[in-house]
Amino acid sequence: MRRFTSNILLSAACLTGSLTISSAVAQSAKPKLVPAAATTANTPTIKPAEPNLSKNAPSGSLMYEAKRGDSVALVAHHFISQTSYLTTGELADAIRKANGDFTGTFLKAGQQVVIPGILDRPIVEKTVPVAKDFEVRAIYLTGLMAGSDHGMRIVRHWHEVGGNAVVFDIKDSDGSVNVPFENALIGSHHTPIRDLPKFIHFLHSQNMHAIARVAMFRDQRLVTEHPELAVKSRKTGEPWKENGKLVWTDPSQHRVQEYDIALAKMAADAGADEIQFDYVRFPAEGDQKDASFVFQTEHPEWHRADVIADFLKHAYAELHPKGVLLSLDVFGIMAWQRDVDLNHTGQDIVRMAKFCDVLSPMIYPSHFFGIDGIARPGDAPEHFIGESMDRFEKITKGSGVVIRPWLQAFAWRTKTYSPQYIEAQVLTSKTKGGIGFLFWNANNDYTKPYAAMPEMKATAGKYFRGDELPGTLQASASAGAN
């Protein structure tokens, strides 16, 4: 979850993790591909497939001659990048089905195996444009979850209960980039979402608005590998640490800004419908007087809010021509417009609203401890959602920006978390002018939203309008280049 510390609402790190490949996979020879159709002079000759396998082989399949020690999972791993399937588990199931509902784990040497779903060329997905006031009903997925079989089940179930959007991490708050991305600053990295256009095509096939989340300037990976890009300590000249942790790039470093914009543009080109910036701010904790930034030398008359506004102006100009929406996650407390919050974070809501389509304040009731004299804010969702929305609507009036809040989908600091708790937040937000909503759960457990959605959907217009993504049936996974 994203938490509130020292009266500043802070985003905590989401789930992270890694997937490993067995040594058998790493050491196995590259499989031999043979078209299921007749062989050619340039194709290695292998033993013909058994008649029943050839007859049942779907269009677009290939035949593979199993080697000693091959398993279904191993073969699926080898072929996954060449198929329309998203995960090795999904492909393994398809291989079993295509081969007479094979139930074993290992294949026999020389066995002819149908590999279904082979693509002629990589999938190219297109953005499905929507108006900025499109009513998003979204859940959040970590990159690790989005690239998994369980993540696919979550997406399908969210669609079944009435959801129409998914926020997924392409860069998390530790700097992990979860998708293939070529950039001089990153090098080799783990990619749980192996093929971004393919994943977005899956979301579109489920009538989901695809929101690619980029955690911006809090980036442990980048400052560790490139300490010259970190916030600097005035005392030592070394990278500055926030409460003992080296996690922040300098938001005013042009190389950092261009790195994040390049990642966002890549996601837009891969077919994302919306780019969401999180951590688009300066560090809010630690010894602030010891922290020094490039802008203080390059633009000594500037304040932190000037840096953020200037960056967003540039990012918006780069992204908007691509047809995607740009949304910004901001602290809920910023609606109170306290000087201490503005001076630390640089999140001037009035100025930020000029360079985005959607503002998404993180207004989790449980995080407002110490505000408005309420001892258990987590058990007062109507008050804090309502007060926050009123304030955000007031300070952005006339800007045309859409307010679409992050709502609480976790039980931290509340005894009343339930489907009714979900309903209360959604209803209060809508009543106060919110258009759509985003549910946050760091563990991607949406049991309570699942339970609440059918009832909210059944009451037409009360909780949400029910917008659906336009043109998803026409959004194609065409072969070829953009």
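Check the entry above for the structure.
All values reported here derive from a predicted model rather than from experimental measurement.

Chemist: Before we go on, may I ask you to explain the pattern of salt bridges in this structure?
Modeler: Oppositely charged side chains are able to pair whenever their charged atoms sit close together. Scanning the model with the defined rule gives 19 salt bridges in all. Note that Arg338 and Asp341 form a salt bridge whose closest N and O atoms lie 2.8 Å from each other. Linked through salt bridges whose partners overlap, the residues forming this network are Asp169, Asp172, Arg213 and Asp278.

Chemist: Can you walk me through the layout of surface pockets in this structure?
Modeler: Taking a probe equal in size to a water molecule and rolling it over the atoms shows the remaining empty space. The calculated volume of the second largest pocket comes to roughly 270 Å³. If you trace the second largest pocket, you find 17 residues lining it, with Ile80, Ser81, Arg194, Asp195 and Lys198 closest to the centre. Elements that contribute at least two residues to the lining of the second largest pocket include exactly helix 3 (72-79) and helix 7 (196-205). When the residues that make up the lining of the second largest pocket are grouped by side-chain class, the tally is eight nonpolar, six polar and three charged.

Chemist: Help me understand the pairing of strand 5 (residues 112-115), please; the structure alone is not making it clear to me.
Modeler: Looking down a regular strand, the side chains alternate between one sheet face and the other. The alternating pattern of strand 5 places Gln112 and Val114 on one face and Val113 and Ile115 on the opposite face, and all of these are buried. Pairing analysis gives four bridges linking strand 4 (residues 62-65) to strand 5, with the strands arranged antiparallel. Pairing of Glu65 across the sheet is with Gln112, part of strand 5.

Chemist: When you look at the packing of helix 9 (residues 254-269) against helix 11 (residues 304-319) in this model, what are you seeing that I'm missing?
Modeler: When two helices pack together, their arrangement is given by the angle between their axes and by how far apart the axes lie. Relative to each other, helix 9 and helix 11 sit at 30°, their axes nearing to 11 Å. Taken together, the axes of helix 9 and helix 11 are roughly parallel relative to one another. The way helix 9 lies across helix 11 gives a crossing that is right-handed. In this structure, helix 9 uses Gln257, Glu258, Ile261, Ala264 and Lys265 to contact helix 11, whose residues at the interface are Val307, Phe311, His314, Ala315, Glu318 and Leu319. Here the contact of helix 9 with helix 11 is composed, by residue class, of six nonpolar, two polar and three charged.

Chemist: What is the right way to read the side chain of Gln425 from this model?
Modeler: Tracing the chain through its elements places Gln425 in helix 15 (residues 419-431). Overall, Gln425 belongs to the buried group, its relative accessible area being 0%. In terms of polar contacts, Gln425 uses its side chain to reach the backbone carbonyl oxygen of Gln408, at 2.8 Å. Once residues within four sequence positions are removed from consideration, Gln425 is found in contact with Pro365, Pro381, Ile385, Leu407 and Gln408.

Chemist: Is there a simple way to think about empty space enclosed by the protein in this case?
Modeler: Inspection of the entire model under this criterion finds one cavity of 30 Å³ or more. The calculated volume of the largest cavity comes to roughly 30 Å³. If you go around the largest cavity, the residues you meet are Val72, Ile95, Arg96, Asn99, Phe102, Leu107, Gln111 and Val113. Residue composition of the lining of the largest cavity, grouped by class: five nonpolar, two polar and one charged.

About the criteria used
- Residues numbered from 1 in each chain as written.
- Predicted model: local features only at pLDDT ≥ 70, side-chain atom pairs only at ≥ 80, totals over all residues.
- Heavy atoms only, no water.
- Salt bridge = Lys/Arg side-chain N within 4 Å of Asp/Glu carboxyl O.
- 1 Å grid on protein atoms, 1.4 Å probe; cavity = no way out; pocket = protein on both sides within 12 Å on 5 of 7 lines; lining within 4 Å.
- Points joined across faces, edges and corners; volume = space filled by probe spheres on them.
- Helix = DSSP H or I, 4+ residues; strand = E, 2+ residues; numbered from the N terminus.
- Nonpolar A, V, L, I, M, F, W, Y, C, P; charged D, E, K, R; others polar.
- Buried < 20%, exposed > 50% of the residue type's maximum accessible area, 1.4 Å probe, protein only.
- Pairing = 2+ DSSP bridges.
- Axes fitted to C-alpha atoms, helices over the stretch in contact; angles between N-to-C directions.
- Parallel < 35°, antiparallel > 145°, perpendicular 65-115°, else oblique.
- Left-handed = near helix turned anticlockwise from the far one by under 90°.
- Contact = heavy atoms within 4.5 Å.
- Polar contact = N/O pair within 3.5 Å; in protein donor to acceptor, adjacent residues only side chain to side chain.

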